[in-house]
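Observations on the model geometry
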Amino acid sequence: MAGFFDGLVNKLTELADSTGLTDTVHQHLADLTSPSGISTLLAQAEQAGLGDKVRSWIGNGQNLPVSPDELRSILSNQQVQALVDKTGLPAATILPALAQFLPAAVDHQTPGGASPAA
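A short tour of the structure in this document, coming up. Fair warning: this is a prediction, and the values are worked out from it, not measured in the lab. (Residues numbered from 1 in each chain as written. Predicted model: local features only at pLDDT ≥ 70, side-chain atom pairs only at ≥ 80, totals over all residues. Heavy atoms only, no water.)

**Re the side chain of K53**
Among the secondary structure elements, K53 is positioned in helix α4 (residues 51-58). Beyond its immediate stretch of four places on either side in the chain, K53 contacts L64, P65, V66 and E70. (Helix = DSSP H or I, 4+ residues; strand = E, 2+ residues; numbered from the N terminus. Contact = heavy atoms within 4.5 Å.)

Now the structure itself:
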């Protein structure tokens, strides 16, 4: 799993390098996958009726996929705008990439199958 996660991070780093956004992308992804970020994602997903998706990323089983539209319903307007502001990329570009990356990233940060203590 570490190899898969590292591959995702490397691809994102390559994209960020090509646009000069490496530090910004890394910081925002670190924030989203921190213990408090994961707890926030889970709470927001529960409110959006998509808690089963995020719980699957935290749990030991298969990660359920999330669509960009579902991810948009989980994240607040402020979170999406912060991503847009920090990266300079439109939400239409960020959300599909995040929908592909986030399940594996959260899974990687929760190897015990439990939500980390914030």
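**Some remarks on the pattern of salt bridges**
Evaluated as defined, the whole model comprises two salt bridges. Here E70 and K53 are joined by a salt bridge, their closest N and O atoms 3.2 Å apart. Of this pair, E70 sits in helix α5 (residues 68-74) while K53 sits in helix α4; the two residues are 17 residues apart in sequence, bridging distant segments of the chain. (Salt bridge = Lys/Arg side-chain N within 4 Å of Asp/Glu carboxyl O.)

**Quick notes on the nonpolar core**
Membership of the largest hydrophobic core comes to 24 residues, with the highest contact counts inside it found for V54, L71, I74, L75, L98, L102 and V106. It is helix α7 (residues 91-109) that contributes the most residues to this core, eight residues altogether. The residues touching V54, leaving out its near neighbours within four places in the chain, are L41, L42, A45 and I74. (Core = buried A, V, L, I, M, F, W, Y, C linked by side-chain atoms within 4.5 Å. Buried < 20%, exposed > 50% of the residue type's maximum accessible area, 1.4 Å probe, protein only.)

**Quick notes on the packing of helix α6 (residues 77-87) against α7**
Here α6 crosses α7 at 110°, and the two axes come no closer than 10 Å. Overall, the two elements α6 and α7 adopt an arrangement that is roughly perpendicular. Listed contacts from α7 to V80, L83, V84 and T87 of α6 are A91, I94 and L98. For the contact of α6 with α7, the per-class residue count stands at six nonpolar, one polar and no charged. (Axes fitted to C-alpha atoms, helices over the stretch in contact; angles between N-to-C directions. Parallel < 35°, antiparallel > 145°, perpendicular 65-115°, else oblique. Nonpolar A, V, L, I, M, F, W, Y, C, P; charged D, E, K, R; others polar.)

All we've got here are geometric facts, nothing functional implied.
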